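# Architecture at a glance
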Amino acid sequence: MKMTLRWFGEGYDSVTLRQIRQIPGVVGVITTLYNHQAGELWERDEIHALREKVEAEALEISGIESVNIHDDIKIGLPSRDKYIENYIKTLENLGEEGIKMVCYNFMPVFDWTRTNLAKPRHDGSTVLAYDQKVVDSIDPQVFFNQTDANSNGFVMPGWEPERLGHVKELFEAYKDVTADKLFDNLVYFLKAIMPTCEKYGINMAIHPDDPAWPVFDLPRIITNQENILKMFKAVDSPYNGLTFCTGSLGTDLKNDLPSIIRACKGRIHFAHVRNLQHFPDGTFEEAAHLSRDGSFDMYEIVNALYDIGFDGPIRPDHGRTVWGEVCMPGYGLYDRAMGACYINGLWEGIEKSTQRKANLL
Ligand code: CS2
Ligand code: MN
């Protein structure tokens, strides 16, 4: 695996490339052209300029998160073909610049959903948290406005005001999109882009739905092992893969994270590692990466990634906000840096003990 950190780009992130470079073991960033709306074409020279900026700090672009998918593609409107054409040209431009991994998601209207962006934890940090009762009792537009108002002035990924200023219209446009239709639209999109991915060696890594069930009655289709494998089979190319996100799949306690990793061997192109703490009333909040701070066994998760020979980029996912940092909720420097070191430590331990055992045989 290759340890990376997400970076939103100059002007969008409170964290600098230099700071990222100073986290031991981090070799690259996962970044994006944040100024582009879903559906727009990314020109090669813009990608090149971004690459130069990153490489000037002795880091690499290990992948893009995300090249977002236009709603017309998810809804399946006739206009989708022109947005798919832009997507293909963007992939070609990324491929020409040597970028080989693209993360995206196929969630209608909202990307990840949390009901509190700064819930105080037992240790005085604040974290993102989720309570289904809040989602059930709030109007989606009000929900967006609240999320936007609580983001410390940052635009959070997937929560662009340009799009989500019109939540009502978006809901209307999605009203006939069932889970089956959404799945067919995903397959249509993947079939159209696969030849380009094969030509340039670009791994597509779909991000699971977060949380892993329908919110606001919108369908969700990448939520468990069964529907992930169904998607792999529908477009059976090694370039059609997954972002294994512990924090998203792990919202549903029925998901056995290490066994999903093993079932997806060869198709995990990117990994997001974070810990959640689940409570008996069905709510959950994000925790420190350390296993005993939350509900997941991080050793078992990293061990499963090691076992399947995972060699793609990995990144600590959302972190807690600690030490008074002012940052985008979930995306501060300090806790994610600790997460990167912890995951690196687990990996080194697993690797060395495996090698030691093999030598003893
Ligand atoms: C989130 C998402 O869990 C996560 O990584 O912060 O915003 C994620 O980046 C997108 O769903 C990927 O398209
Ligand atoms: Mn994630």
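All values derive from a computational prediction rather than experimental measurement.

About the criteria used
- Residues numbered from 1 in each chain as written.
- Chains lettered and ligands numbered in written order.
- Predicted model: local features only at pLDDT ≥ 70, side-chain atom pairs only at ≥ 80, totals over all residues.
- Buried ≥ 20, exposed ≤ 12 C-beta atoms within 10 Å, placed from the backbone.
- Helix = DSSP H or I, 4+ residues; strand = E, 2+ residues; numbered from the N terminus.
- Pairing = 2+ DSSP bridges.
- Axes fitted to C-alpha atoms, helices over the stretch in contact; angles between N-to-C directions.
- Near = placed C-beta within 6 Å.
- Nonpolar A, V, L, I, M, F, W, Y, C, P; charged D, E, K, R; others polar.
- Parallel < 35°, antiparallel > 145°, perpendicular 65-115°, else oblique.
- Left-handed = near helix turned anticlockwise from the far one by under 90°.
- Contact = placed C-beta atoms within 7 Å.

The next point concerns the pairing of strand S1 (residues 2-6). In terms of burial, S1 is a largely internal element, four of the five residues being buried. Sheet analysis places S1 next to strand S12 (residues 313-316), joined by two bridges and oriented parallel. Within S12, the position partnered with Lys 2 by the bridge is Pro 313. Judged from the three bridges that link them, S1 and strand S2 (residues 28-31) form a sheet pairing that is parallel.

Backbone hydrogen bonds are what pair the strands of a sheet, in a parallel or an antiparallel way. With parallel pairing, eight strands are arranged side by side around a closed barrel as S1-S2-S3-S4-S7-S8-S9-S12. When strand polarity is set aside, the average angle formed by the axes of neighbouring strands in this sheet is 30°.

Moving on to the site of ligand 1. Lining the immediate environment of ligand 1, one finds 16 residues, of which Ser 66, Asn 105, Trp 112, Pro 157 and His 207 sit closest. It is strand S4 (residues 101-105) that contributes the most residues to the shell around ligand 1, three residues altogether. Of the residues that constitute the shell around ligand 1, the class distribution is five nonpolar, seven polar and four charged.

Here helix H4 (residues 80-96) crosses helix H9 (residues 179-200) at 15°, and the two axes come no closer than 10 Å. Viewed along their axes, H4 and H9 adopt a mutual orientation that is roughly parallel. In terms of crossing hand, the pair formed by H4 and H9 is right-handed. Contacts between H4 and H9 involve Ile 84, Tyr 87, Ile 88, Leu 91, Glu 92 and Gly 95 from the first element and Phe 189, Ala 192, Ile 193, Thr 196, Cys 197 and Tyr 200 from the second.

Let's shift gears to the pairing of S4. For a regular strand, side-chain orientation follows a simple rule: the groups alternate between the two sheet faces. Burial analysis of S4 places four of its five residues in the buried class, the great majority of the element. Across two bridges, the pairing between strand S3 (residues 60-65) and S4 is parallel. Note that in S4 the partner of Glu 65 across the bridge is Cys 103.

Let us look at the sheet that holds strand S5 (residues 116-120). Across the sheet, four strands lie side by side as S5-S6-S11-S10; this open sheet has antiparallel pairing. Because the sheet does not close on itself, it has two edges, and the strands there are S5 and strand S10 (275-278). When strand polarity is set aside, the average angle formed by the axes of neighbouring strands in this sheet is 40°. Bridging between S5 and strand S6 (residues 126-130) involves three bridges; their strand directions are antiparallel. Counterpart to Lys 119 in the pairing with S6 is Val 127.

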